[in-house]
Amino acid sequence: MEFKGKTVIVTGAGKGIGREIVRMLVERGAQVVALTRSAADVEALRGEFGCRAIQVDLADADATRKAAIAALPADFLINCAGTTELQPFLETTVEAFDRLVAVNTRAPMIVAQEYARSLIKEGRPGAIVNVSSVASFVGIPDHAAYCASKGGLDGLTRVMAKELAPHGIRANGVHPTVTLTPMAVKAWSDPEKAAGMMKRIPVGRFAEPADIAEVVLFLLSDQAAMVNGISMPVDGGYMIA
Ligand code: NDP
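As recorded in an unreviewed UniProt entry, the protein chain goes by SDR family oxidoreductase and comes from Rhizobium leguminosarum bv. viciae. The record held by UniProt for the protein chain lists under Sequence similarities (unreviewed entry) the comment "Belongs to the short-chain dehydrogenases/reductases (SDR) family." Annotation of the protein chain in UniProt includes, under Subunit (unreviewed entry), the sentence "Homotetramer."

See below:
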């Protein structure tokens with residue numbers, strides 16, 4: 001898959017899966033506009049990959065809309081930024097719930113609105129990939145707000161797929177299992193929990209960021225021209241186990 005001459009917006013580009021997506025896109029000829037939070041990551045993305053990098057806290061709706069508009073024009077959009085906080089269901093706080101929904105659900109909606117509006121205005125086609133999680137399919141203990149926020153994102157993906165496809169814009173979701181990134185360290189550092197999860201993955205390992213990035217790039221590409229509105233697990237068979 002070649003992305004020569006294409007501009008791609010990637011949120012959460014500073015670390016983990018987002019960073020690997022940027023690396024792969026740049027290797028395949030794309031110009032990346034990165035939206036991410038930490039100043040050090042913004043500098044690194046500019047220096048290492050020649051990205052146009054915009055620093056933004058995606059929990060802030062107004063700042064997110066401004067950053068999305070500043071990132072345009074673009075050919076493709078990857079909503080990859082995500083965050084988690086572990087709390088048992090009975091102890092899930094309203095504040096944590098709102099924080100996760102703001103970053104994992106509301107921000108992808110805002111960025112996609114601005115991206116799609118600009119394409120529709122110019123009469124150009126496009127594609128969106130929203131990075132969800134297997135946590136939107138199953139209940140994972142201590143992940144109530146996270147599961148809910150990703151389930152909400154899937155709903156958005158399906159509505160985008162229906163409403164935007166007539167304008168030539170596809171939207172799909174990618175659902176990783178545990179992927180070896182800073183987020184996984186936060187969520188799966190308890191060896192007992194990690195072993196239980198690993199046991200349910202038939203291929204016998206957690207994912208690497210590149211496993212996810214390859215599928216994201218496929219869904220963006222013209223090779224996937226007839227793929228619209230799907231929720232694609234990238235989970236080594238976790239969902240069938
Ligand atoms: P990481 O925590 O490793 O990286 C997340 C990136 O998103 C960072 O660059 C982070 O920036 C950025 N980000 C987070 N919150 C904000 C915010 N409020 N504003 C701007 N940028 C923000 O996560 P992963 O790479 O592991 O996750 C990428 C996506 O994949 C997420 O949507 C996640 O939910 C999903 N996923 C991950 C899994 C895993 O096991 N790793 C499993 C299933 C799904 P900063 O560090 O500066 O805050």
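Draft legend 1. Examining the overall build of the protein chain more closely. In terms of helices and strands, the protein chain carries 8 helices and 7 strands. Compactness check: the protein chain gives a C-alpha radius of gyration of 17 Å against a globular reference of 18 Å for 241 residues, within 12% of the reference. Its C-alpha atoms put the protein chain at 50 × 35 × 35 Å along the principal axes. Within the protein chain, the proportion of its 241 residues that are buried is 51%. Sequence separation of 24 or more characterises 70% of the internal contacts of the protein chain that already satisfy a separation of 6 or more.

Draft legend 2. Fine view of the packing of helix 3 (residues 61-71) against helix 4 (residues 94-122). As a packed pair, helix 3 and helix 4 sit with axes 9 Å apart at the nearest point and diverge in direction by 30°. In this structure, helix 3 meets helix 4 at a crossing whose hand is right-handed. Residues Ala61, Thr64, Arg65, Ala68 and Ile69 of helix 3 form the contact with helix 4, whose own contacting residues are Arg106, Ala107, Ile110, Val111, Gln113, Glu114 and Arg117. Of the residues belonging to the contact of helix 3 with helix 4, the class tally is 6 nonpolar, 2 polar and 4 charged.

Draft legend 3. Inspection of helix 1 (residues 16-27) at higher detail. The first and last C-alpha atoms of helix 1 sit 17 Å apart over 12 residues, in line with the 16 Å expected at 1.5 Å per residue. For helix 1, the complete set of buried residues consists of Gly16, Ile17, Gly18, Glu20, Ile21, Val22, Met24 and Leu25. Where helix 1 ends, the next residue or the one after it, glycine 29, has phi of about 100°, a positive value.

Draft legend 4. Structural detail: the site of the ligand. Among the 28 residues in the neighbourhood of the ligand, the closest are listed as Lys15, Arg37, Ser38, Tyr146 and Thr181. In the model, an oxygen atom of the ligand is placed 2.5 Å from a nitrogen or oxygen of the tyrosine 146 side chain. Lysine 150 places a side-chain nitrogen or oxygen 2.8 Å from an oxygen atom of the ligand. Protein chains shield 94% of the accessible area of the ligand, which is 890 Å² for the free molecule. For the shell around the ligand, a count of residues per class yields 13 nonpolar, 11 polar and 4 charged.

Draft legend 5. Just the UniProt feature "domain: Ketoreductase" (unreviewed entry) in the protein chain, in detail. Feature annotation in UniProt places "domain: Ketoreductase" (unreviewed entry) on residues 6-175, given in this structure's numbering. Between the C-alpha atoms that bound residues 6-175 there is a distance of 24 Å. The span itself is 49% helix and 19% strand.

Draft legend 6. Seen up close, the pattern of salt bridges. Counted under the stated rule, the structure contains 14 salt bridges. Where lysine 4 meets glutamate 2, a salt bridge forms, and the shortest distance between an N and an O atom there is 3.5 Å. When its relative accessible area of 64% is taken as the criterion, lysine 4 is described as exposed. Accessibility expressed as a relative area gives 56% for glutamate 2, which makes it exposed. Arginine 124 is the partner of glutamate 122 in a salt bridge, and the nearest nitrogen-oxygen pair spans 2.7 Å.

Draft legend 7. A look at the side chain of asparagine 172. In this fold, asparagine 172 is placed in strand 6 (residues 169-176). The exposure class of asparagine 172 is buried, given its relative accessible area of 0%. Setting aside residues up to four positions removed in sequence, asparagine 172 forms contacts with Ile128, Val129, Asn130, Thr157, Leu219, Val227, Asn228, Gly229 and Ile230.

What counts and how
Residues numbered from 1 in each chain as written. Predicted model: local features only at pLDDT ≥ 70, side-chain atom pairs only at ≥ 80, totals over all residues. Heavy atoms only, no water. UniProt positions renumbered as here; feature names shortened; annotations may be inferred. Helix = DSSP H or I, 4+ residues; strand = E, 2+ residues; numbered from the N terminus. Rg over C-alpha atoms; globule rule 2.2 N^0.38 Å. Buried < 20%, exposed > 50% of the residue type's maximum accessible area, 1.4 Å probe, protein only. Contact = heavy atoms within 4.5 Å. Axes fitted to C-alpha atoms, helices over the stretch in contact; angles between N-to-C directions. Left-handed = near helix turned anticlockwise from the far one by under 90°. Nonpolar A, V, L, I, M, F, W, Y, C, P; charged D, E, K, R; others polar. Expected span 1.5 Å × (residues − 1). Near = heavy atom within 4 Å. Polar contact = N/O pair within 3.5 Å; in protein donor to acceptor, adjacent residues only side chain to side chain. Areas by Shrake-Rupley, 256 points an atom, 1.4 Å probe, with all protein chains shown as cover. Salt bridge = Lys/Arg side-chain N within 4 Å of Asp/Glu carboxyl O.

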